[in-house]
Amino acid sequence: MKKALMVVIAATLVGIGATPVEAASTAKKKPVATKKKAQRVAAQFKPGKLARTKASRQVEPKGDPGQLALNSSAVMVQDQTTGAILFQKNPDAVLPIASITKLMTAMVVLDAKPDLAEVLAIGDEDVDTLKGTRSRLKIGTLLAREEMLRLALMSSENRAASALSRHYPGGREAFVAAMNQKAQSLGLSDTRFQDATGLTAANVSSPRDLAKLVDAAHHYPLIREFSTTSDGEFIIAGRQQQFRNTNTLVKSPTWDIGLSKTGYINEAGKCLVMQAWFNNKPIIIVLLDSWGKLTRIGDANRIKRWVESASLARPSAG
């Protein structure tokens, strides 16, 4: 009876095309296949991947200000010709501006109509004791006032800016007073200065004010030239040394920049102001309090794409 039952079971299995061993093996393999499929599905929808996809869509705006996702805390994008505000984010926030200060320093220096060929010396008074920043301009370095101005604007040399203010008629105190008087004359109601370098967090302004400051500085040919020079060689203590612009965008073939200045101290974060040409129009960009290493550059590129795509999206006349 037992043998007969076994024969019946074997016949049934043969009839469905499987041996007992195969049936058992198949039963064991099914959960494994299901697990692998689940793993593949999970891999396709990882949270990080989804987040990156959303972010990439946000940084390709099509003219709608709501789609312009910027990481700088305070921003102003303005048409320099018409004064129209194209984009703003916390435009009235009063924040430290770090070395953006040097644009005002340069204007005050040039307004005094000094002898640009006069040789100035870096002294003990020009050493940064506030932040402890380093400089390749050693004490005793001799440079023409014009070279000091170029280094202050191109490479954001703090000792050069300090020396320029110290050699101003009436000295450093008179220079800072002239900076604040200039700010008032330009209608910069949120702007205050306490030194010529920007190393102090007491030098403050707002994006709205800085757009006016950039526009005013753009009227000075030497400021335009020196702030957009990508690099230069200087004779320092008898040796030839190369200095580079702190804004890497000035040497980019895709950018047409008419004025540029970067800034950074801990209290200010990374800052950048520029005048640049997009679609044959001069645009002023102000970016304040950008904490990421490349955030201000990334934001500038996002603004460029946004302005250009917005112009291309407009229907042509006729």
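In case you missed it, the structure is sitting above this.
Below you will find a few notes about this structure. As the structure is a prediction and not an experimental result, all values here were calculated from the model. (Residues numbered from 1 in each chain as written. Predicted model: local features only at pLDDT ≥ 70, side-chain atom pairs only at ≥ 80, totals over all residues. Heavy atoms only, no water.)

**Digging into the layout of surface pockets**
Inference 1: Its volume calculated, the largest pocket comes out at about 510 Å³.
Inference 2: Looking at the largest pocket, it is lined by 24 residues, and the ones nearest its centre are Ser99, Ser155, Ser156, Asn158 and Tyr264.
Inference 3: Mapped onto the lining of the largest pocket, the elements with two or more residues apiece are α6 (158–166), β8 (239–244) and β9 (257–265).
Inference 4: For the lining of the largest pocket, the element with the highest residue contribution is β9, accounting for 4 residues.
Inference 5: In terms of residue class, the lining of the largest pocket is built from 4 nonpolar, 10 polar and 10 charged.
Inference 6: Estimates place the volume of the second largest pocket at around 270 Å³. (1 Å grid on protein atoms, 1.4 Å probe; cavity = no way out; pocket = protein on both sides within 12 Å on 5 of 7 lines; lining within 4 Å. Points joined across faces, edges and corners; volume = space filled by probe spheres on them. Helix = DSSP H or I, 4+ residues; strand = E, 2+ residues; numbered from the N terminus. Nonpolar A, V, L, I, M, F, W, Y, C, P; charged D, E, K, R; others polar.)

**Brief notes about the packing of helix α5 (residues 145–154) against helix α9 (residues 221–228)**
The axes of two packed helices give the description: the angle between them and the distance between them.
Inference 1: At a minimum axis separation of 7 Å, α5 and α9 run at an interaxial angle of 60 degrees. Considered as vectors, α5 and α9 are oriented oblique to each other. The chirality of how α5 crosses α9 is right-handed. Every residue of α9 that contacts α5 at Glu146, Leu149, Arg150, Leu153 and Met154 is listed here: Leu222, Ile223, Glu225, Phe226 and Ser227.
Inference 2: Looking at side-chain class alone, the contact of α5 with α9 contains 6 nonpolar, 1 polar and 3 charged residues. (Axes fitted to C-alpha atoms, helices over the stretch in contact; angles between N-to-C directions. Parallel < 35°, antiparallel > 145°, perpendicular 65-115°, else oblique. Left-handed = near helix turned anticlockwise from the far one by under 90°. Contact = heavy atoms within 4.5 Å.)

**Digging into the pattern of salt bridges**
Any two side chains of opposite charge can pair, given that their charged atoms come close.
Inference 1: Counted under the stated rule, the structure contains 10 salt bridges.
Inference 2: The residue Asp92 makes a salt bridge to Arg208 at a minimum N-O spacing of 2.7 Å. Pair noted here: Asp92 is in the loop between β2 (85–89) and β3 (95–96) and Arg208 is in helix α8 (residues 207–217), with a separation of 116 residues, a long-range link.
Inference 3: Its salt-bridge partner being Glu267, residue Lys131 comes within 2.7 Å of it at the nearest N-O pair. Highlighted residues: Lys131 in the loop between β4 (119–121) and β5 (142–144) and Glu267 in the loop between β9 and β10 (269–278), separated in sequence by 136 residues.
Inference 4: Connected through salt bridges with shared partners, the residues Asp126, Arg166 and Arg172 form a single ionic network. (Salt bridge = Lys/Arg side-chain N within 4 Å of Asp/Glu carboxyl O.)

**Description of the nonpolar core**
Inference 1: Among the nonpolar cores identified, the biggest contains 54 residues, and Leu103, Met104 and Ile223 are the most heavily contacted of them.
Inference 2: Top contributing element to this core by residue count: helix α4 (residues 101–111), with 7 residues.
Inference 3: Look past the residues within four positions of Ile223 in its chain and what remains in contact with it is Leu103, Ala106, Met107, Leu110, Leu153, Ala217 and Leu259.
Inference 4: Within the second largest apolar cluster, 21 residues are counted, among which are Val75, Ile257, Leu272 and Phe278. (Core = buried A, V, L, I, M, F, W, Y, C linked by side-chain atoms within 4.5 Å. Buried < 20%, exposed > 50% of the residue type's maximum accessible area, 1.4 Å probe, protein only.)

Note that every value here comes from positions in space, so none of it alone points to a role or purpose.
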